[in-house]
Amino acid sequence: MTVQKQTLGEFIIENQSSFKYSSGELSRLINSIRLAAKIVNHEVNKAGLVDILGAAGDTNIQGEDQQKLDVYANEKFIQTLTKRNIVCGIASEEEDSFITINSQDENNQNKYVVLIDPLDGSSNIDVNVSVGTIFSIYRRVTPVGTPVQIEDFLQKGSEQVAAGYVVYGTSTMLVYTTGHGVNGFTLNPAIGSFYLSHPNMSFPEDGNIYSVNEGNYLDFPLGIKKYIKYCQEEEDDRPYTSRYIGSLVSDFHRNMIKGGIYMYPKGSRNPNGKLRLLYECNPMAFIAEQANGKSSDGYTRTMDVEPTELHQRVPFVCGSKNMVEKVEQYMREFGE
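What you see is a predicted model, and the numbers here were worked out from it, not measured in a lab.

Student: It is not clear to me how the sheet that holds strand E13 (residues 260–264) should be interpreted in this structure. Could you clarify?
Tutor: The strands making up a sheet associate through hydrogen bonds between their backbones, and the pairing can be parallel or antiparallel. One open sheet accounts for five strands, arranged E12-E11-E13-E17-E15; its pairing is mixed. On the outer flanks of this sheet lie strand E12 (241–242) and strand E15 (293–296), each paired with one strand and no other. The pairing of E15 with strand E17 (residues 316–320) spans four bridges and is classified as antiparallel. What sits directly across from glycine 293, in E17, is serine 320. The strands touched by helix H7 (residues 321–334) within the sheet are strand E11 (209–211), E13, E15 and E17, with E17 carrying the most contacts at an inclination of about 145 degrees.

Student: Can you help me understand the state of the cysteines in this one?
Tutor: One covalent bond between the sulfur atoms of two cysteine residues makes up a disulfide. Tallied over the full model, the rule gives zero disulfides. Lacking any disulfide linkage, cysteine 318 is separated from the closest cysteine sulfur, that of cysteine 281, by 8.5 Å.

Student: Sorry, what's going on with a nonpolar patch on the surface here?
Tutor: Together, Val127, Val129 and Ile245 give the surface a local cluster of nonpolar side chains, amounting to about 210 Å² of exposed area. Given a relative accessible area of 32%, isoleucine 245 falls into the partly exposed group.

Student: Sorry, what's going on with the side chain of aspartate 152 here?
Tutor: With respect to the helices, strands and loops of the structure, aspartate 152 is situated in the loop between strand E6 (131–139) and strand E7 (162–168). In this structure aspartate 152 is buried but unpaired, with arginine 140 as the nearest side chain of opposite charge at 4.1 Å. Of the polar contacts made by the side chain of aspartate 152, one reaches the backbone nitrogen of glutamine 149; its length is 2.8 Å. Setting aside residues no more than four positions away along its own chain, aspartate 152 makes contact with Val113, Arg140, Val141 and Thr142.

Student: Help me understand H7 in this model?
Tutor: Residues three or four positions apart in an α-helix share a direction because the helix packs 3.6 residues into each turn. Taking 1.5 Å as the rise per residue, H7 with 14 residues should run 20 Å; its terminal C-alpha atoms sit 20 Å apart, in good agreement. What H7 keeps buried is the set Met323, Val324, Val327, Glu328, Tyr330 and Met331. With its buried residues spanning 160 degrees around the axis, H7 presents them on a single face. Residues of H7 that are exposed and point over 90 degrees away from its buried face: Arg332 and Glu333. Buried residues along H7 sit in contact with E11, helix H4 (222–232), E13, E15 and E17. Once H7 finishes, glycine 335 follows within two positions and takes phi at roughly 60 degrees, a positive value.

Cut-offs and rules
- Residues numbered from 1 in each chain as written.
- Predicted model: local features only at pLDDT ≥ 70, side-chain atom pairs only at ≥ 80, totals over all residues.
- Heavy atoms only, no water.
- Pairing = 2+ DSSP bridges.
- Helix = DSSP H or I, 4+ residues; strand = E, 2+ residues; numbered from the N terminus.
- Contact = heavy atoms within 4.5 Å.
- Axes fitted to C-alpha atoms, helices over the stretch in contact; angles between N-to-C directions.
- Disulfide = S-S within 2.5 Å.
- Patch = residues over 30% accessible without salt bridge, like charges linked within 9 Å, V, L, I, M, F, W, Y side chains within 5 Å.
- Areas by Shrake-Rupley, 256 points an atom, 1.4 Å probe, with all protein chains shown as cover.
- Salt bridge = Lys/Arg side-chain N within 4 Å of Asp/Glu carboxyl O.
- Buried < 20%, exposed > 50% of the residue type's maximum accessible area, 1.4 Å probe, protein only.
- Lys, Arg positive; Asp, Glu negative; His and termini not counted.
- Polar contact = N/O pair within 3.5 Å; in protein donor to acceptor, adjacent residues only side chain to side chain.
- Expected span 1.5 Å × (residues − 1).
- Arc of directions from axis to C-beta.

Laid out in structure tokens, this is it:
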């Protein structure tokens, strides 16, 4: 007898009592992200068939070439979240500044802001490697009913009420947390529904995979260099396996399932690190901690970092708890 798996919508309804704020609002918000993810997934899957690959001829606020699918994904997520009258503000990695959204319902003013990396790892699309979407949700801190301000977005990661990612790969998965564990839902493309496929996801405390761009080795802090050499030693259960896709969502997703660590340290070319605190590091850190993992900049817990600007970059070490603590030990001992 085949057991019918639970849909994402059913899961949200069943677990809404565990969310300490208005469950209806969060349900609508997650459902909007689900809808936009399905639209983007459709475009990603047909990217090789139409003229949607390659650069769009513009650069984003980071000074990086925008891929056409970056632009498309950005537009779709913003449109979906705006039209459904759910959030009061959106900040995107692809936008210079945040977007203010005025509620159309005077009796139900929106209380949430969303920060989003619409298409992480998009440079991999041309070679058919998995890409993803990362999102982070906060309750606004300025008065409800007024236009959002920069301080609504510059909140520490510890203030997140929900975070998640979508990985567009051999199968499409939506993984999210509201602070009560991490659950993964796989899209059935035949009927367009996400089903609970990975309940209570958790990092193994130890792992044997390390994910870092070793081409930048000479640019790394000494503590990171020492840790990489530790990973390569033939001793105990080492050497570890090196796996680096170059798509944060994909590397993180694999490491959470199999056990491993992801590192993007600072260096002379990226003195503050390369990944964005608000769009990439905080949401992934929230997911990691809810899945028995750990995240830091090598010294400080990622979600304790005080944001000072929308596109702030930080060093990032995230994954299985014992592996991250080993990196922190090496950073304290050997430093920069």
